[in-house]
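A structural walkthrough
Listed here are the chains, written in short residue letters.
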Amino acid sequence: MSSGSSDDASSGELESGPGGARGNVLAEASGDDGASTVTPGSFRHPGVLVNGEQLAFLKMKVAAGAAPWAPALTAAKADSHASLSYTAAPPSDSNGDVGCGSYSSPDIHCGDEKKDVSAAYTDALIWALTGDKQYAAKAIEIMNAWSAVMKSHSLSNTIVQTGWTGTVFARAAEIIRYTNAGWAQADIDKFSSMLKTAYVPYIKNGAPKENGNSELSATDALIQIAVFLDDKTLFDAAVALWKGRVPAYIYMKADGASPAMVPNQGSSWNGATQYFDGLCQETCRDLGHTQYGFAAMINAAETARIQGVDLYALEAARITTSLELHAGYINNGASSSPACSLSAVTADMTWEIAYNEYANRLKMALPNTLKVIGTIRPTGIDHHMDWETLTHAEVGSVGIH
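This one's a predicted model, so the numbers in the text were calculated from it and none came from an experiment.

**Quick look at the packing of helix α7 (residues 158–177) against helix α8 (residues 185–198)**
Between α7 and α8, whose axes approach to 12 Å, the crossing angle comes to 160°. Between α7 and α8, the angle is such that the two are roughly antiparallel. Our pair here, α7 against α8, has a crossing hand that is left-handed. Touching T162, F169, A173 and R177 of α7 are I188, F191, M194 and A198, all from α8. Looking at the contact of α7 with α8, its residues break down into six nonpolar, one polar and one charged.

What follows is the structure, given as structure tokens:
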């Protein structure tokens with residue numbers, strides 16, 4: 001843990017938060033009152049993974065040089081994705097199509113899309129936390145470059161690629177749109193149209209024949225895009241997908257002798273020889289894909305929580321049991337579990353958002369998860385797992401009403 005943060009994280013206590021005297025710091029931090037806008041779809045904005053009061057809180061913290069946020073911002077600004085000379089690479093030479101095969105082979109702008117969405121989000125965060133308009137302009141430049149040409153996704157990895165990138169694009173766009181960054185309405189409309197035509201159709205029905213992280217990634221993107229688009233119908237559909245997939249991804253003995261399955265689920269439990277509390281559908285595949293699934297379900301739950309829907313509570317026992325189980329494997333460098341041998345037993349750039357919810361907000365003890373976090377701070381970028389230390393480390397319930 002960074003200096004000054006370990007004890008706070010261990011106890012779930014924050015240096016400041018949303019209530020009483022704490023709330024008074026938000027205006028000072030943001031230059032405004034940090035309040036959210038409520039749109040006709042009854043969504044709070046900004047409200048995709050981060051909320052307005054949270055951004056104000058973080059802006060104050062980084063201005064004060066406080067850990068772990070200031071070191072995390074320094075890492076973000078030093079990253080190549082934050083370069084002000086960064087050039088987007090949209091699919092202008094492939095008729096607007098991003099084509100991704102399994103493990104991105106072939107790679108027709110797959111890597112470009114992942115890099116560009118993360119660059120846009122990185123720039124949006126730096127703008128929001130520093131007020132440096134150059135980063136807002138760069139984020140707008142990247143998003144406009146894509147909305148000018150992007151038409152479709154194709155090939156076997158379409159669903160997960162669209163999920164990974166759709167969620168991050170929506171985060172970037174939400175921050176830029178609702179922080180007076182100077183994004184023209186015509187460009188917002190064009191970007192919105194791109195999300196509706198080149199992202200939503202590929203993920204709106206989930207991925208019942210895919211491994212669980214794919215459908216969870218689709219769900220993640222759908223919830224974030226729905227909020228940005230003020231689309232309540234799409235949001236409700238995404239929430240329903242989450243409620244169906246999470247119990248089918250993480251087993252608990254209360255489910256019965258064997259795991260729950262979503263309709264037409266084509267993938268097995270990857271050779272698991274037995275089932276026990278917290279085992280994931282992809283544990284016996286590898287812990288890398290398992291963590292992709294964790295990140296997606298938590299990203300979706302965080303945005304739902306901002307919007308007044310508490311998915312976290314619905315599956316708290318299931319999720320925290322699984323987090324602790326897998327964090328234990330990672331901490332111990334385990335090569336096997338009672339169900340199978342293990343691979344990719346290393347920590348990905350996630351864990352912070354889940355820990356903030358269950359440990360900081362709800363005061364649940366998650367010692368294995370906390371230990372993992374201590375090895376990865378400040379977190380960087382990996383697929384749909386971007387800058388979690390910067391955005392969610394020890395923020396508690398700031399902006400959660």
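Having seen it, we continue.
**Some words on unusual backbone geometry**
Of note, the bond from S105 into P106 is cis; its omega dihedral lies within 30 degrees of zero at 5°. In the segment running from R377 into P378, the intervening peptide bond is cis, with an omega of -10°. Following the sequence through the fold, P378 ends up in the loop between α16 (367–376) and β10 (381–382). A positive phi angle, near 55°, is found at N95, a position not held by glycine. Relative to the assigned elements, N95 resides in the loop between α4 (69–78) and β5 (97–100). Even without being a glycine, N270 presents a positive backbone phi close to 55°. Topologically, N270 is positioned in the loop between α11 (232–249) and α12 (287–306).

**With respect to the state of the cysteines**
The tally for this structure, following the rule as stated, stands at two disulfides. Shown here is the disulfide that connects C100 with C110, its sulfur atoms set 2.1 Å apart. Disulfide C100-C110: torsion about the S-S bond near -125°, hence left-handed. Taken together, the positions of C100 in strand β5 and C110 in helix α5 (residues 110–130) put the pair ten residues apart, joining distant regions of the chain. Side by side, C100 and C110 carry an identical accessibility label, which is buried.

Parameters and conventions
Residues numbered from 1 in each chain as written. Predicted model: local features only at pLDDT ≥ 70, side-chain atom pairs only at ≥ 80, totals over all residues. Heavy atoms only, no water. Axes fitted to C-alpha atoms, helices over the stretch in contact; angles between N-to-C directions. Helix = DSSP H or I, 4+ residues; strand = E, 2+ residues; numbered from the N terminus. Parallel < 35°, antiparallel > 145°, perpendicular 65-115°, else oblique. Left-handed = near helix turned anticlockwise from the far one by under 90°. Contact = heavy atoms within 4.5 Å. Nonpolar A, V, L, I, M, F, W, Y, C, P; charged D, E, K, R; others polar. Disulfide = S-S within 2.5 Å. Buried < 20%, exposed > 50% of the residue type's maximum accessible area, 1.4 Å probe, protein only.

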